[in-house]
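# Structural overview for review
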Amino acid sequence: MKTARKINPLNWAYLGWVWLVILFVLMPLATTVWTAFFSNKILSLPPEGYTAAWFLQAWNLADFRNGFFLSLQVAAGAAALALVVGVPAALAIARNKFRGAELINTILMSPLMIPAIVSGSAIYLFYIEVQIWSEVPLAATFHGLTLAHSLIAIPWVLRLLVASLSGMNPSIEEASLSLGASRTTTFFRITLPLIRPGITAGALFGFIGSFGDLEKSLLLVGPGRITLPIAMVNYLQYRTDPTIMAVATIQILIVAAALIISDRYVRLGRTF
Amino acid sequence: MSRVVLNNIVKRYDGSVAVSEMSLDIRDGEFVALLGPSGCGKTTTLRMIAGFIEATEGSIHFGDKDVTNLPANKRNTGMVFQGFALFPHMTVAQNVAYGLEMRRVPKPEIAERVAKVLDLVQLGAFAGRFPRQLSGGQQQRVALARALVIKPHVLLLDEPLSALDAKLRHDVRIQIRQLQQSLGLTTVFVTHDQEEALSLADRLVVMNAGRIEQIGSPSDLYERPASPFVADFIGKTNFFKGEMRDGEFRTNFGLSLKVTARVPAATLIGIRPEKIQIRTPQQARAADSTNLVEGVIELVSYLGPSTEFRVRIFGDRYVLVQQPNRDVSSALATGQAVELVFPPEWCFLFKSDAASEALLKTENFGLPAPEAAAAGA
């Protein structure tokens, strides 16, 4: 049977548009990684040559090294805190068993509505007040910073987990109960394994969000401490060599690795 | 041993009563079906027996034990859910073993009992598979095995066949019944499909709007319905309004029918389509002319095992008549003038009430055709 193949100009236009969008999205990533290897002393096109020296340079600068480790620790802590708060909250909200469910959901998601620099300043002021009142140091401390960063991670955990839970058949937990399992056992043996993709995705995106945050950290990090985004901004004030691109490339690689590794264990594709 | 007794169970939600005054005594080994339309309270009742819903009033006993205040996980019930509710991250064997693990049964015994019950449902070869690799019918059997292996007090089935296609439904329900009988398990089965309920149950409980309409064996409910609701919900019934006059029932369009039932204040008469005899005037036998009605066939529906006729009588009323295709004569075609016989012993008599009024508004057996009804007949 002969099938007529019409060259539809609309099809080509659509395809062209799709590719344009994809390129637009990928371009910052591609440019960053590409220019990280330029040997030009000042970031510019065309490349004079290629070198990996900037990576070494980045590692030798204390600011970048310390910033990297602090950002890592804070992001991990923020993700962990977000899980502690977000998992029970998501369970309660998704089951909708109580009257305040919608309200709690909105409150926990509210950090998304506030510009980061505004919330950063507000948190700083709040910390100062608490410090005055309770003598417990909060501003310019590691735990204060992590606490503030958890506000970034919580909406991620909550949103992804509630979505994951809504897709789950509630009869499954009832089946576990009817077979004699306690609520705790049901949670650990049935619910948890089934929401693992949602938890992992939520923690991951919370981690990424915290790692990349600049505004909250600026106000809360305190003297002597530095996060990676702050280190990068500082560096850019005086130098414009590819070192900055090298640092960014490292960051991209870490996030990519985290995504790939979690995907092997958790099949993130199923969460969305 | 595995008696289940519900005593005056009431379930109220703010403002509405889901189940009212439900009392039921289920004998050991009995198969009881809760049947009714959506929202009648049958699933609520089942879930109260299971322990997922707390009764507002009343008590539930399993044998001598009062389980009313026991949480679901302490009642030792075996429940099969509508969507099977298998644990997707566990294999078939692990699913079935779960209940035994919760009861701290030693591992070798678990393995043995799981193997036995999987053989019982003919899924022995699938022990290592995951639910997503099984067909609907197979998942259903796993759900059943999972509920049976724990030797529950009572087996609770919440519309277990509704997720299956028609052919499978028939086969699986026979398997369920055979298993239940061979194991002697007390069983409560919820369904809205009256054919399922009739074919499976020892006793049927027909529910409507939270109340029990009638309890009885399938033949009791079919041949001797206690209310218009039951007569209409189970099988089909032709209804006519009217009143008793001189020992006969006179419909509001002038048909007088002899009846054997004794309901002095009856205002509603009902007769099932398959009980009405239909024949052409040429076939009429002189001897049998009690309750003879003349009519014209308006529509013939061939159903396979039987044929359904829509017959217009008294000009603007119609009745449904059903005949098995063993006897039907090809002379019965659309437009044919026929004679109907309404045997007196098969006429149901009811007092109509609010419920039956509501019923008759949506069903129009025996009522004027829609065009005439619109004119206010």
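Parameters and conventions
- Residues numbered from 1 in each chain as written.
- Chains lettered and ligands numbered in written order.
- Predicted model: local features only at pLDDT ≥ 70, side-chain atom pairs only at ≥ 80, totals over all residues.
- Helix = DSSP H or I, 4+ residues; strand = E, 2+ residues; numbered from the N terminus.
- Buried ≥ 20, exposed ≤ 12 C-beta atoms within 10 Å, placed from the backbone.
- Contact = placed C-beta atoms within 7 Å.
- Domains from an automatic or database assignment.
- Pairing = 2+ DSSP bridges.
- Axes fitted to C-alpha atoms, helices over the stretch in contact; angles between N-to-C directions.
- Arc of directions from axis to C-beta.
- pLDDT = per-residue confidence, 0-100.
- Nonpolar A, V, L, I, M, F, W, Y, C, P; charged D, E, K, R; others polar.
- Core = buried A, V, L, I, M, F, W, Y, C linked by C-beta atoms within 7 Å.
- Parallel < 35°, antiparallel > 145°, perpendicular 65-115°, else oblique.
- Left-handed = near helix turned anticlockwise from the far one by under 90°.
- Expected span 1.5 Å × (residues − 1).
- Bend = angle between axes of the 7 residues up to and from the residue.

## A closer look at the overall build of chain B
Scanning chain B from N- to C-terminus turns up 10 helices and 20 strands. The principal-axis extents of the C-alpha atoms in chain B amount to approximately 75 × 45 × 35 Å. Here chain B, with 377 residues, has 39% of them falling under the buried criterion. Counting contacts in chain B only where the partners sit at least 6 residues apart, residues at least 24 apart contribute 68% of the total.

## Quick notes on the domain arrangement of chain B
Each assigned domain of chain B is listed with its residue range as follows: domain 1 (4–223) and domain 2 (236–374). A straight line from the C-alpha centre of domain 1 of chain B to that of domain 2 of chain B covers 39 Å.

## Topic: the sheet that holds strand S19 (residues 337–341) of chain B
Strand pairing in a sheet relies on backbone hydrogen bonds. The paired strands run either parallel or antiparallel. Residues and elements named next belong to chain B. Taken together, five strands build an open sheet; the order of strands is S15-S19-S16-S17-S18 and the sheet is antiparallel. Each edge of the open sheet is held by one strand with a lone partner, namely strand S15 (277–279) and strand S18 (317–324). When strand polarity is set aside, the average angle formed by the axes of neighbouring strands in this sheet is 40°. Looking at chain direction, S15 and S19 are connected through three bridges and run antiparallel. Residue pairing for S19: Arg279 is matched across the bridge by Glu339.

## Some points on helix H10 (residues 228–238) of chain A
Here H10(A) has its buried residues at A:Leu228, A:Ala231 and A:Met232. The arc enclosing the buried residues of H10(A), seen along the axis, measures out at 100°, which places them on a common side.

## Some remarks on the confidence of the model for chain A
Per-residue pLDDT for chain A has a mean of 86; in total, 94% of the residues score no lower than 70. Model confidence for chain A, summarised as mean pLDDT per element, is weakest for helix H11 (residues 243–266) of chain A at 84 and strongest for helix H7 (residues 171–178) of chain A at 93.

## Details of the interface of chain A and chain B
In this complex, chain A contributes 14 residues to the contact, which on the side of chain B involves 17 residues. Contributions of two or more residues to the side of chain A that touches chain B are made by H7 and helix H8 (183–211) of chain A. The element contributing the most residues to the side of chain A that touches chain B is H7(A), with six residues. Of the residues that constitute the side of chain A that touches chain B, the class distribution is eight nonpolar, five polar and one charged.

## Here's the deal with unusual backbone geometry
The residue after A:Leu45, namely A:Pro46, is reached through a cis peptide bond having omega -5°. Note on placement: A:Pro46 falls in the loop between helix H1 (9–35) and helix H2 (53–60). Positive phi, normally seen in glycine, also occurs at A:Ala140, with a value near 60°. Tracing the backbone through its elements, the reader meets A:Ala140 in the loop between helix H5 (116–134) and helix H6 (142–166). Phi angles above zero are rare outside glycine, and B:Asn291 is one such case at about 55°. Within the secondary structure layout, B:Asn291 lies in the loop between S15 and strand S16 (292–302). Take B:Asn291: there are 22 C-beta atoms within 10 Å of it, and that puts it in the buried class.

## Side note on the confidence of the model for chain B
All names here are of chain B. Averaged over every residue, the pLDDT of chain B is 87; residues scoring 70 or more account for 92%. Overall, residues 366–377 carries pLDDT values under 50, and its contacts beyond four positions in sequence, including any with other chains, amount to 17 contacts. Prediction confidence for the complex, expressed as pTM and ipTM, is 0.79 and 0.81 respectively.

## A look at the nonpolar core
Counting 98 residues, the largest nonpolar core has B:Ala33, B:Val96 and B:Ala145 as its most contacted members. Residue assignment places this core across two domains, with domain 1 (4–223) and domain 2 (236–374) of chain B each supplying three or more. In this structure, B:Ala145 is in contact with B:Val96, B:Val117, B:Leu118, B:Val121 and B:Leu123, ignoring residues within four places of it in sequence. Among the nonpolar cores identified, the runner-up in size contains 56 residues, and A:Trp54, A:Leu145, A:Ala203 and A:Phe205 belong to it.

## A closer look at the environment of B:Arg47
Note that B:Arg47 resides in helix H1 (residues 42–50). Spatially, the C-alpha atoms of B:Arg47 and B:Pro343 are 43 Å apart, while their sequence positions differ by 296 residues.

## Points about the sheet that holds strand S6 (residues 77–80) of chain B
Residues and elements named next belong to chain B. Ordered by their spatial adjacency, six strands build an open sheet running S6-S7-S8-S3-S9-S10, and the pairing between neighbours is mixed. Strands with a single pairing partner mark the edges of an open sheet, and in this sheet they are S6 and strand S10 (211–216). Across this sheet, the average inter-strand angle for adjacent strands is 20°, counted without regard to direction. Lying on the sheet, helix H4 (residues 136–148) is in contact with S6 and strand S7 (154–158); it crosses S6 at an angle near 175°.

## What about the pairing of strand S1 (residues 4–13) of chain B?
Residue and element names in this part refer to chain B. Sheet topology places S1 next to strand S2 (residues 16–26); seven bridges connect them, and they run antiparallel. The partner of Val5 across the bridge, within S2, is Asp25. If you look at the hairpin formed by S1 and S2, you'll find two residues sitting between the two strands, and Gly15 has a positive phi there, around 90°. For S1 and strand S4 (residues 57–62), the ladder comprises five bridges, and the chain directions are antiparallel. For Asn7, the partnering residue across the bridge sits in S4 and is Ser59.

## A few points about the packing of helix H2 (residues 92–102) of chain B against helix H3 (residues 107–120) of chain B
All names here are of chain B. Contact geometry of H2 with H3 gives a least axis separation of 10 Å together with a crossing angle of 125°. Compared by their axis directions, H2 and H3 come out oblique. The crossing of H2 and H3 is right-handed. Contacts between H2 and H3 involve Ala93, Val96, Ala97, Leu100 and Glu101 from the first element and Ile110, Arg113, Val114, Val117 and Leu118 from the second.

## Topic: helix H3 (residues 62–95) of chain A
Over its 34 residues, H3(A) extends 48 Å from the first C-alpha to the last, a length consistent with the 50 Å expected when each residue adds 1.5 Å. The largest bend in H3(A) comes to about 30°, at A:Gly86, with the proline A:Pro88 one to four residues further on.

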